[in-house]
Amino acid sequence: MKHAGRILLFPCLLAAMVLAISCFEDDISKTAADPAEPPFRLPFSQAVNYTNCCGPGSLCLEDFDDDGVIDLAVSNTISANISIIRGTGDGTIGLQVKYGVGTYSSEIHGCDLDGNGIIDLAVSDRMANSIFVLTGNGGGTFAAAVEYGVGRSPRSVCSGDFNGDTYLDLVSANMESNNVSVLLGYGDGTFAPADSFEVDRWPRSICACDLDNDGNEDLATANEFGHSFSVLLGQGDGTFAAAVNYPAGNGPYSIHAADFDADGNIDIVVTDQYDDIVTIYSGIGDGTLEDGVHFRSWRGPCSASSGDIDGDGNLDLAVTNWNTDDMAILLGDGMGKFRSPMYYKVGDGPHSVKCADLDGDGDLDIVTANSISDEISILLNETND
């Protein structure tokens, strides 16, 4: 009888094992395979590293001096300044000039805040609890920074027209106060006092986009300690509906918006630093999003930027991986899915990543800000060479 019991137990164990394997396969079906080199690599030059100052953390790529060449602005996270670096047009960079801002600059964002056709800068300062605005003078120089108070420990800043008056406004994600601060612009580079709106815990990154196709700018934040991202639908008058929180992975670090599946609706991408994944949430077009689809990046994905990197007409992703000192490129298929990542070494502790054509050959090059090695890495796209 003892043997009979064991004989009966074996089919049950076997069935349980089959069920467990089936569930595991279903679970990982939404996640790309562990990182492995794809059968081909986009032709990028080896990274050229340029010494910067004091923990470069965030990048802005714009033509600040109106010479048709992309320049760089860099936030130096452990100093009281930012760096403006002139582009040369051949993929290298030249003169570097520093401007004082607050105490510890976090994120830098470029846009025309005063409507004169010249790029201005907004910089979040996590220690001063402020946003600093530097209006562009033209010729690549900037006026002295002007300070605007926001919530506690603002780590991210972006812009949009939140009240429909055609003037750009600013918004910050404030980690320690668990809210976002909206500064409505007057159109001359100055701003009204901030209004705040609550989100989930520890918002580290913010983006503005129209998620419900009503013509009003909405907001989305990546919330590191909330393990979530928040969506705040814009009312068109500078105010926002209460945040709706969506579950994300472990340690959402940055958030980015674009239409990755070409359906006319904005999608959201979140980097989950402690799960080593990038997650795409497809927008439905009414302000809600579908469940996320995960893609492996590598170790400690920090920041993501999108663009048509391989020139096939589909949006691709570039992602910095903090723990492995590299940058991953995930090529998009135009339907919201991505191929296995390709890896390119950069400096130590890559934080921010941006795409732009630095050498004027028509394809997108990649720049990373590397906080540990105090360097900027430039990788030139040689697809069209």
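As the structure is a prediction and not an experimental result, all values here were calculated from the model.

Undergrad: Where do I start with the layout of surface pockets in this structure?
TA: Estimates place the volume of the largest pocket at around 1,000 Å³. Among the elements of the structure, strand 2 (56-62), strand 6 (105-111), strand 12 (154-160), strand 16 (203-209), strand 20 (252-258), strand 24 (301-307) and strand 28 (350-356) are those that each provide at least two residues to the lining of the largest pocket. Sort the elements by how many residues they give to the lining of the largest pocket and strand 2 lands first, with six residues. Classifying every residue of the lining of the largest pocket by side-chain character gives 17 nonpolar, 18 polar and six charged.

Undergrad: Please clarify how the nonpolar core should be interpreted in this entry.
TA: As a rule of thumb, nonpolar side chains are buried together in soluble globular proteins. Counting residues in hydrophobic clusters, the biggest one holds 15 residues, and the most contacted among them are Met 327, Ile 329 and Ile 366. Residue assignment for this core shows that the elements contributing at least two residues are strand 26 (326-330), strand 27 (342-345) and strand 28. Filtering out sequence-adjacent residues up to four positions away, Met 327 remains in contact with Ala 318, Val 319, Thr 320, Asn 321, Met 342, Tyr 343, Tyr 344, Val 346, Val 353, Ile 366, Thr 368 and Leu 379. Ranked by size, the runner-up nonpolar core spans 14 residues in total, among them Phe 64, Ile 82, Ile 108 and Leu 121.

Undergrad: What exactly am I supposed to notice about empty space enclosed by the protein here?
TA: Once rolled over the atoms, a probe with the size of a water molecule shows which space is left empty. Under the counting rule described, the total for this entry stands at one cavity of 30 Å³ or more. Computed from the structure, the largest cavity encloses a volume of approximately 40 Å³. Lining of the largest cavity is provided by Val 69, Ile 70, Leu 72, Gly 87, Thr 88, Gly 89, Gly 91, Thr 92, Ile 93, Leu 358 and Ile 378. Considering only residue class, the lining of the largest cavity consists of six nonpolar, five polar and no charged.

Undergrad: Would you take a moment to explain the pairing of strand 21 (residues 267-272) for this structure?
TA: For strand 21, the buried fraction is high: six of the six residues fall into the buried class. Of the pairings in the sheet, the one linking strand 20 to strand 21 comprises six bridges and is antiparallel in character. What sits directly across from Ile 255, in strand 21, is Val 270. Here five bridges tie strand 21 to strand 22 (residues 277-281), and the two strands are oriented antiparallel to one another. When the sheet's bridge partners are listed, Ile 268 is paired in strand 22 with Tyr 281. Hairpin connection from strand 21 to strand 22: four residues lie between these consecutive antiparallel strands, with Asp 276 at a positive phi of about 60°.

Undergrad: Explanation requested: the side chain of Asp 267 in the structure shown.
TA: Assignment of secondary structure puts Asp 267 in strand 21. A polar side-chain atom of Asp 267 sits 2.8 Å from the main-chain amide nitrogen of Phe 260. Side-chain polar atoms of Asp 267 contact the backbone nitrogen of Asp 261, separated by 3.5 Å. Excluding residues within four positions of it along the chain, Asp 267 makes contact with His 256, Ala 257, Ala 258, Asp 259, Phe 260, Asp 261, Tyr 281, Ser 282 and Gly 283.

Conventions adopted
Residues numbered from 1 in each chain as written. Predicted model: local features only at pLDDT ≥ 70, side-chain atom pairs only at ≥ 80, totals over all residues. Heavy atoms only, no water. 1 Å grid on protein atoms, 1.4 Å probe; cavity = no way out; pocket = protein on both sides within 12 Å on 5 of 7 lines; lining within 4 Å. Points joined across faces, edges and corners; volume = space filled by probe spheres on them. Helix = DSSP H or I, 4+ residues; strand = E, 2+ residues; numbered from the N terminus. Nonpolar A, V, L, I, M, F, W, Y, C, P; charged D, E, K, R; others polar. Core = buried A, V, L, I, M, F, W, Y, C linked by side-chain atoms within 4.5 Å. Buried < 20%, exposed > 50% of the residue type's maximum accessible area, 1.4 Å probe, protein only. Contact = heavy atoms within 4.5 Å. Pairing = 2+ DSSP bridges. Polar contact = N/O pair within 3.5 Å; in protein donor to acceptor, adjacent residues only side chain to side chain.

These figures capture arrangement, not role.
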